[in-house]
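Listed here are the chains, written in short residue letters.
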Amino acid sequence: MKRTHIALLLLLVLLAAADAQQPALPTLPTDVVTALKPSLPSGWTVKQDFRSIVISRDQQVTLLNPISLPAMPKDDILRQFGQKSDYHIVLVFKERMSDQQYADLKQQRDAAIQKISDDPMIVGKSKYGMLNKEYIRYWLPTYFNDRFSIYQQRTDSPPLQVYPTSAAEERSRILDSLSKLMKKYEDENIGSK
């Protein structure tokens, strides 16, 4: 009997040691900011309060909606159709959704989007506009942790493209860092949105 207790105690100690070796993912916005700051590219700043984080690029970017543009050199397109803008990635921390709540909201959104997609009377820009409204109406969190569902907004939400390309590359590195700091909800319909 004593050997069983000793073996069980040893197993518990080993499991606790294994858990202690794995770094804990940050939970609060302050924890995320502390972990994120070292990986921010030069020229980016981060600010936070008790329920949100704002990551900003110090220099403005050019945003371009590539839908229905004429055939022209890229520089001419950017000059004629691009819009100068500040660039932000905003993370909003809200009470953690249960897996069932997330699945239900996603199902409602997917059904609304499918209905619009299947309607042959809705075409072009109006279809995109209606689809975008449903994504906003059924806003799904991008990340989560033990305490929060975390909603992400970006200045260049699809279909917008950001220029210069160096800004897009920096943004992608920041999003990769965020994905390593928090668990990402699996939503095949939004890709890297």
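First, a word on what this report is: a plain description of the structure on this page. (Residues numbered from 1 in each chain as written. Predicted model: local features only at pLDDT ≥ 70, side-chain atom pairs only at ≥ 80, totals over all residues. Heavy atoms only, no water.)

### Observations concerning the overall build of the protein chain
Along the backbone of the protein chain there are six helices and seven strands. Along the protein chain, from the amino end to the carboxyl end, the secondary structure elements read α-α-β-β-α-β-α-α-β-β-β-α-β. Taking all 193 residues of the protein chain together, 36% fall into the buried category. The long-range share in the protein chain, meaning contacts at least 24 apart out of those at least 6 apart in sequence, stands at 68%. Carbon and sulfur atoms provide 56% of the accessible area of the protein chain, an area that totals close to 12,500 Å². (Helix = DSSP H or I, 4+ residues; strand = E, 2+ residues; numbered from the N terminus. Buried < 20%, exposed > 50% of the residue type's maximum accessible area, 1.4 Å probe, protein only. Contact = heavy atoms within 4.5 Å. Areas by Shrake-Rupley, 256 points an atom, 1.4 Å probe, with all protein chains shown as cover.)

### Some details on the side chain of threonine 155
Mapping threonine 155 onto the fold places it in the loop between β5 (148–154) and β6 (161–163). Within the structure, threonine 155 has its side chain in polar contact with the backbone nitrogen of histidine 88 (distance 2.8 Å). Leave out the neighbours within four places in its chain, and threonine 155 touches Leu63, Ser85, Asp86, Tyr87, His88 and Leu160. (Polar contact = N/O pair within 3.5 Å; in protein donor to acceptor, adjacent residues only side chain to side chain.)

### Details of the nonpolar core
Counting 25 residues, the largest nonpolar core has Ile53, Ile55, Leu91, Leu178 and Met182 as the members making the most contacts within it. Elements represented by at least two residues in this core include exactly α2 (29–36), β1 (44–48), β2 (52–64), β3 (83–95), β5 and α6 (165–181). Per element, the largest residue contribution to this core is six residues, and it comes from α6. Among all residues touching isoleucine 53, those that are not within four sequence positions of it are Pro29, Val32, Val33, Val46, Lys47, Gln48, Ile89, Val90, Leu91 and Phe93. If you look at the next biggest cluster of nonpolar residues, it comprises ten residues, including Val92, Tyr102, Leu105 and Leu140. (Core = buried A, V, L, I, M, F, W, Y, C linked by side-chain atoms within 4.5 Å.)

### Concerning the environment of aspartate 110
Tracing the backbone shows aspartate 110 in helix α4 (residues 99–118). Only 2.6 Å separates the side chain of aspartate 110 from the side chain of arginine 109, close enough to count as a polar contact.

### A short note on the packing of aromatic side chains
Per the stated rule, a full pass over the model turns up five aromatic pairs. Ring centres of tryptophan 44 and tyrosine 87 lie 5.7 Å apart, and the angle between their planes is 80 degrees; this geometry places the pair in the edge-to-face category. Taken together, the residues tryptophan 44 in strand β1 and tyrosine 87 in strand β3 connect sequence positions 43 residues apart. Tyrosine 87 shares its class with tryptophan 44; the two are buried. Taken together, a centroid distance of 4.8 Å and an interplanar angle of 50 degrees make the contact between tryptophan 139 and tyrosine 151 tilted. (Phe/Tyr/Trp six-rings, centres within 6.5 Å; stacked < 30°, edge-to-face > 60°.)

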